[in-house]
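# Architecture at a glance
Here are the chains, one letter per residue:
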Amino acid sequence: MCKKIDHLSVFKRNLFQNKKNLYLKIVLNEGNLMNIIETFLLGKENNPDTCEDGLFISDYLIAVIDGVTAKGTHLWNGKKSGCFAKDILLDTLKNITADSNNRIFLEQEDSAVWILKKLDSALHQKSMELYPNALPLEEYPRASIIFYNDLRKEIVSYGDCQCKINGQLFSHLKKIDILNSELRAYHLEYAILHGKTIDDLKRNDVGRTAILENLKMQFSFENKIGTFAYPVLNGFGIEPHLLKIYQIQRQDTIILASDGYSELGDSLEKSESLLKEILSEDPLCFRRNCSTKGLKEGNIK
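To keep things clear, this report deals only with the structure shown in the data block. (Residues numbered from 1 in each chain as written. Predicted model: local features only at pLDDT ≥ 70, side-chain atom pairs only at ≥ 80, totals over all residues. Heavy atoms only, no water.)

## Quick word on the overall build of the chain
Operational definition: Each helix is a run of DSSP H or I of at least 4 residues and each strand a run of E of at least 2, with the numbering of both proceeding from the N terminus. Residue burial is assigned from relative accessible area. The probe radius is 1.4 Å, only protein chains are included, and a residue is buried under 20% of its type maximum, exposed over 50%, and partly exposed in between. Residues are treated as being in contact if the distance between any of their heavy atoms lies within 4.5 Å. Each accessible area is a Shrake-Rupley result for a 1.4 Å probe, and residues are judged covered by the shown protein chains and nothing else.
Tallying secondary structure elements over the chain gives 7 helices and 11 strands in all. The burial tally for the chain puts 52% of its 301 residues in the buried class. A separation threshold of at least 6 residues defines the contact pool for the chain, and within that pool the share at least 24 residues apart is 72%. Here the chain has roughly 14,200 Å² of accessible surface; of this, 51% comes from carbon and sulfur atoms.

## So, helix α3 (residues 111-130)
This is how the line gets drawn: Here the expected span of a helix is defined as 1.5 Å times the quantity of residues minus one.
For α3, with 20 residues, the first-to-last C-alpha span of 29 Å sits near the 28 Å given by 1.5 Å per residue. Lining the buried residues of α3 we find β5 (61-67), α1 (81-98), α2 (103-107), β6 (143-149), β7 (154-158) and β10 (244-247).

## Examining the packing of helix α4 (residues 175-193) against helix α6 (residues 206-217)
Geometrically, a packed helix pair is captured by the angle between its two axes and the distance between the axes. Put simply, the rule is: Axis lines are fitted through C-alpha atoms, for helices just across the contact stretch, and the angle between N-to-C directions can take any value from 0 to 180 degrees. An angle counts as roughly parallel when it lies under 35 degrees, as roughly antiparallel when it exceeds 145, as roughly perpendicular when it falls between 65 and 115, and as oblique in every other case. In this scheme the handedness of a crossing depends on how the near helix is turned from the far one: anticlockwise by less than a right angle means left-handed, clockwise means right-handed. Amino acids are sorted into nonpolar (Ala, Val, Leu, Ile, Met, Phe, Trp, Tyr, Cys and Pro), charged (Asp, Glu, Lys and Arg) and polar (every other residue, Gly among them).
Look at α4 against α6: their axes get within 7 Å of each other, and the N-to-C directions meet at 150°. What the angle tells us is that α4 and α6 run roughly antiparallel. Crossing of α4 against α6: the hand is right-handed. Residue-level contacts link N180, L183, R184, H187, L188 and A191 of α4 to V206, G207, R208, A210, I211, N214 and L215 of α6. Of the residues belonging to the contact of α4 with α6, the class tally is 7 nonpolar, 4 polar and 2 charged.

## Considering the packing of α1 against α3
Their axes nearest at 9 Å, the elements α1 and α3 cross at an angle of 130°. Regarding the angle of α1 to α3, the classification is oblique. In this structure, α1 meets α3 at a crossing whose hand is right-handed. When α1 is examined against α3, the residues F84, A85, I88, L89, T92, L93 and I96 are found in contact with a partner set consisting of W114, I115, K118, L119, A122, L123, K126, S127 and L130. Tallied by class, the residues present in the contact of α1 with α3 amount to 12 nonpolar, 2 polar and 2 charged.

## Quick word on the nonpolar core
Where we set the bar: We call a set of buried Ala, Val, Leu, Ile, Met, Phe, Trp, Tyr and Cys residues a nonpolar core when their side-chain atoms join them within 4.5 Å.
Ranked by internal contacts, the top residues of the largest apolar core, which has 33 residues, are L93, I115, L116, I145, F147, Y158 and L233. Where this core is concerned, the elements lending two or more residues are β5, α1, α3, β6 and β7. In contact with L233, other than residues within four places in its own chain, are L89, L116, L119, D120, L123, P141, R142, A143, I145, Y158 and I238. One finds M34, I36, I155 and C163 within the second-largest nonpolar core, a separate group that totals 18 residues.

Here it is, written out as structure tokens:
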């Protein structure tokens, strides 16, 4: 069950990239040991104190956490909500795995729900300690998570982090994100037809501005059942029907990643190469890589 790190690869990034990226590749060898082949983590500001992504590695639980970009204005212990959520979830995973009594829960069939409820409860508790009175929905800390539980040989996804299993992609793209991405693209294309340039729109993303209210409205669909419903850890309870579980077998190769990689390759180097190509071709992220936000000047990704 213990992990063995064959090698750790970190690639320097070009200074114009604009996506939060977290990448982890694992191979289960014949002895069912986890071989961590390569990992990479870098926030969009190249500052670990503001990075909204988190990577957790223990002997039998490995997780990729993607804090949701803040839509509100409140700070949480001096940090934006996505970064605060990531910190709380990392601490909670550390506490879960540090307590040997929890191993029995991690081995059970419903361990995925047990872990997610623990994480969501911790997020709720810490949020209420700082702001006991009700806040607008957009202010609360949120995060997506995908993790591998080696005790059960399964990947669990709750949110829009992605994974690959033996080359097959599971992206977990949200329908509500597709809607808002296409609406943003519509406004950007309209602006271009009326004389705006890509450089103009990089300085003033009118498409992003046009969907800001939608991005706040979508919080009402969190952890619900329905067409636009989607899973996210927000401290107000999970919806078990929205989680995804994938069984893993000996000698499988798995990749866990944040949604910052719009095209996930079979290696870190390939994923980075694809990202560089995509952002060079479509820096606003509204054509080849249709997204709710594009390249922001001053960020490294």
